[in-house]
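Understanding the architecture of this molecule
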Amino acid sequence: MAKEPGELKWVEELLPEEGYRRKSMFGGFAYYIEEKIVLLIFESDDSRWNGVMFPVEKEFQEKALAKFPVLSPHRILPKWLYLPLNTDGFEEIVPDILREVLRPQSFWGSIPKPKGKKGTSPKTKKNKDDDIQVNIDTRRPRLFSDEPAEEKLKKAKRISDLKNLGAVSEKQFAKIGITTVPQFMKLGWKKTMKKLAEYDPKHRHSIYAYALIGALTNTEFNRISEEEKAEARAFVRSLPKVEKKKTKKKSR
């Protein structure tokens, strides 16, 4: 069973909040929207399996590579276009590709061939760590919605109502003592970022800073200004590296 995504967890959070199904695959995770597989995430010490993949049928690969030449067919799974984690600009490229993937009638993605007898459909498993089933609603992914920041913040009743933040972020905020939007606004993105990084080192990443800035300005995290991105990166670099505390096992 694959471990829960760590450094690349933020990529998973770019998908429609209630619109995908996740399954373990080849030591990583595959993400489905309806019957189509649209994304794979792998984390390992092997450069061939440390990054993200985007399935694209052979007839559309030339078109996909023309738009994103930074991608390349995976050496072992050539049907899937690979983007290694160490690619320059990885943090900006992935959201741009996902915007294309999530567009209506997109040629990105691949429908796996059914196994077993014809006319039968695979059973859907639910409530397992390696197979998360959620309701499908891709009409308006959270990558695409606009509203004046003041109005959005005023109407938001929960942390998860804000741009870039969902149910997972809401739980993370609660763990550091932020349970309301006014608390978040008063604290600001820098102090919130510092608390998140202190609680869990995986949050010490510029993408999280982008997301916090975007949440307070109602802007998609990859579309905040270059000045804001530079400030976010500098701030994240200034944060001390903290090892995640290991929980002690209870003695019997």
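Here the structure is a predicted model, which means the values were calculated and not measured. Here the residue numbers are simple positions, counted from 1 along each chain's written sequence. This being a predicted model, a pLDDT of at least 70 is required before a residue's local features are given, and a value of 80 or more before pairs of side-chain atoms are given or counted; all residues contribute to the totals for chains, interfaces and linings. Where side-chain values are given, they derive from all heavy atoms of the structure, hydrogens and water being excluded.

A run of H or I in DSSP becomes a helix once it reaches four residues, and a run of E becomes a strand once it reaches two; helices and strands are each numbered from the N terminus. Relative to the assigned elements, Tyr-82 resides in strand 6 (residues 80-84). Along the primary structure Tyr-82 and Met-53 are separated by 29 residues, whereas in three dimensions their C-alpha atoms are 4.4 Å apart. Note on contacts: a residue pair is in contact if any heavy atoms of the two residues lie within 4.5 Å. With sequence-adjacent residues up to four places away left out, Tyr-82 is seen in contact with Ser-47, Arg-48, Trp-49, Asn-50, Gly-51, Val-52, Met-53, Val-70, Leu-71, Ser-72 and His-74. Side-chain atoms alone can form a polar contact between residues adjacent in sequence; in general such a contact is a pair of N or O atoms within 3.5 Å, and within protein one must be able to donate a hydrogen while the other accepts it. Within polar-contact distance, the side chain of Tyr-82 engages the backbone nitrogen of Asn-50 at 2.9 Å.

The convention used is that axes are lines fitted to C-alpha atoms, helices contributing only their stretch in contact, and that angles between N-to-C directions extend from 0 to 180 degrees. Across the interface, helix 6 (residues 181-199) lies against helix 8 (residues 226-238) with an axial gap of 11 Å and an inter-helix angle of 35°. Between helix 6 and helix 8 lies a crossing of right-handed hand. Residue-level contacts link Trp-189, Lys-190 and Met-193 of helix 6 to Glu-231, Ala-232, Phe-235 and Val-236 of helix 8. Just so you know the grouping, Ala, Val, Leu, Ile, Met, Phe, Trp, Tyr, Cys and Pro go in nonpolar, Asp, Glu, Lys and Arg go in charged, and all remaining residues, Gly too, go in polar. Looking at the contact of helix 6 with helix 8, its residues break down into 5 nonpolar, no polar and 2 charged. A clockwise turn of the near helix away from the far one marks a right-handed crossing, whereas an anticlockwise turn of less than a right angle marks a left-handed crossing.

Counting residues in hydrophobic clusters, the biggest one holds 59 residues, and the most contacted among them are Trp-108 and Phe-184. The element contributing the most residues to this core is helix 7 (residues 206-217), with 9 residues. Nonpolar cores are built from buried Ala, Val, Leu, Ile, Met, Phe, Trp, Tyr and Cys residues. Side-chain atoms within 4.5 Å join them into one set. Under the scheme applied here, a residue whose accessible area is under 20% of the maximum for its type counts as buried, over 50% as exposed, and between as partly exposed, the area being computed with a 1.4 Å probe on protein chains only. Membership of the second largest hydrophobic core comes to 10 residues, among which are Phe-42, Met-53, Trp-80 and Tyr-82.

Turning our attention to the packing of aromatic side chains. Geometry of aromatic contacts follows a simple scheme: Phe, Tyr and Trp rings, the Trp one being its six-membered ring, pair when their centres are within 6.5 Å, and the pair is stacked under 30 degrees between planes, edge-to-face over 60, tilted otherwise. Counted by the stated rule, this structure contains 10 aromatic pairs. Between Phe-107 and Trp-108 the ring centres are 5.6 Å apart and the planes differ by 20°, which places this aromatic pair in the stacked class. Ring centres of Trp-189 and Phe-235 lie 5.3 Å apart, and the angle between their planes is 75°; this geometry places the pair in the edge-to-face category. Highlighted residues: Trp-189 in helix 6 and Phe-235 in helix 8, separated in sequence by 46 residues. In this structure Phe-235 comes out as buried when scored by relative accessible area, which is 16%. Through a chain of ring-to-ring contacts, three or more aromatic side chains come together here, namely Phe-54, Phe-60, Phe-68, Phe-107 and Trp-108. For the cation-ring pair, Arg-21 lies above Tyr-32, with the distance from its terminal atom to the ring centre recorded as 4.5 Å. When the ring centre of Phe-29 is taken as origin, the NZ or CZ atom of Arg-22, which lies over that ring, is 4.1 Å away. Placement of a charge over a ring requires the Lys NZ or Arg CZ to be within 6 Å of the ring centre, with the centre-to-atom vector within 35 degrees of the ring normal.

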